[in-house]
Amino acid sequence: MASAPPFESSVPVGYPPPPSYEETMRQPYPQYPQPSLPPVPGYDKAAHSPHPQQLCGPPMHPPPACSQPASVTVQAVCVQSTVVFGSQPVQTHCPVCARFVVTRLEHNSGTLAWLSCAGLFIFGCIYGCCLIPFCMDGLKDVTHYCPSCNNVLGVYKRL
Ligand SMILES: [Zn+2]
């Protein structure tokens, strides 16, 4: 009498046999089916699609290349002098005698001296004290002369 071999496995009858160890290791993670969500009413899928042109507005054009001028016009600017004339002698180039000289100063009564005199006169200095500003070089304009040819190189005005 043929009898079934003895059932040594502990798997109950009616269930498929469990996968072997090799099959289990080939598929380390079980493959679950992706649940299909029902469509949400009012959700426009096209409006929410991550399309770069729709997210960033109008399509971006590449920046225009910096256009170099075809020809660079070089203007030869003849700078006569960049020396700032102040209340002190400066070393500059005299265009008349074509030499580098240290200017000679001459003080002249300018606007600031006259305004100081008027101010002192208004505030009561009417007995000659209002003439003090004409004796102060710090209130006068300064004229820079060339010590060689007495050419006027520059004028420094207080006001
Ligand atoms: Zn000179």
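Quick caveat: nothing in here was measured; it's all calculated off a predicted structure.

What's the story with the coordination of the zinc ion in this structure? I'm lost.
Expected angles at a metal are 109.5 degrees for tetrahedral coordination by four donors and either 90 or 180 degrees for octahedral coordination by six donors. For the zinc ion, the full set of protein donor atoms is C94 (SG), C97 (SG), C146 (SG) and C149 (SG), and the range of their distances to it is 2.2 to 2.3 Å. Geometry at the zinc ion is tetrahedral, judged from its four donor atoms and the angles of 99 to 127° they form at the metal. Look at C94 and you get buried, because its relative accessible area is 0%.

Explain the pattern of salt bridges to me, please; I cannot follow it from the model alone.
A pair can form between side chains of opposite charge whenever their charged atoms are brought close. For the structure on display, the rule yields two salt bridges. One salt bridge connects R104 with E106, and the closest N-O pair in it is separated by 3.8 Å. Between D141 and K157 there is a salt bridge; the shortest N-O distance is 3.9 Å. Placement of D141 in strand β4 (residues 141-145) and of K157 in the segment after β5 (152-156) is noted, with a sequence separation of 16 residues between them. Judged by relative accessible area, which is 54%, K157 ranks as exposed.

What is the right way to look at unusual backbone geometry in this model?
Negative phi values dominate among residues other than glycine, just as trans dominates among peptide bonds. Positive phi values are uncommon outside glycine, yet A98 reaches one of about 55°. Mapped onto the secondary structure, A98 falls in the loop between β1 (91-94) and β2 (99-102). Taking the relative accessible area as the measure of exposure, A98 reaches 52% and is therefore exposed. In this model, N150 sits at a positive phi of 60°, which is unusual for a non-glycine residue. Structurally, N150 can be placed in the loop between β4 and β5.

Calculation notes
- Residue positions within a chain follow its written sequence, with the count starting from 1.
- Note on the predicted model: pLDDT of at least 70 is required for a residue's local features to be given, and 80 or more for side-chain atom pairs to be given and counted; whole-chain, interface and lining totals, by contrast, use all residues.
- Only hydrogens and water are removed before side-chain values are computed, so all heavy atoms of the structure are retained for them.
- Metal sites are built from N, O and S donor atoms within 2.8 Å, or 3.2 Å for Na, K and Ca, and they leave out water, so they may look incomplete.
- Angle rules define the geometry names used: all angles between 85 and 135 degrees makes four donors tetrahedral, while opposite donors over 155 degrees apart and all other angles between 65 and 115 make four donors square planar and six octahedral, leaving every other case irregular.
- Residue exposure (1.4 Å probe, protein chains only): buried if accessible area is under 20% of the type maximum, exposed if over 50%, otherwise partly exposed.
- Any carboxyl oxygen of Asp or Glu that lies within 4 Å of a side-chain nitrogen of Lys or Arg is treated as forming a salt bridge with it.
- Each helix corresponds to a stretch of at least 4 residues labelled H or I by DSSP, and each strand to a stretch of at least 2 residues labelled E; elements are numbered beginning at the N terminus.

None of the figures reported here should be taken as evidence of function without further support.
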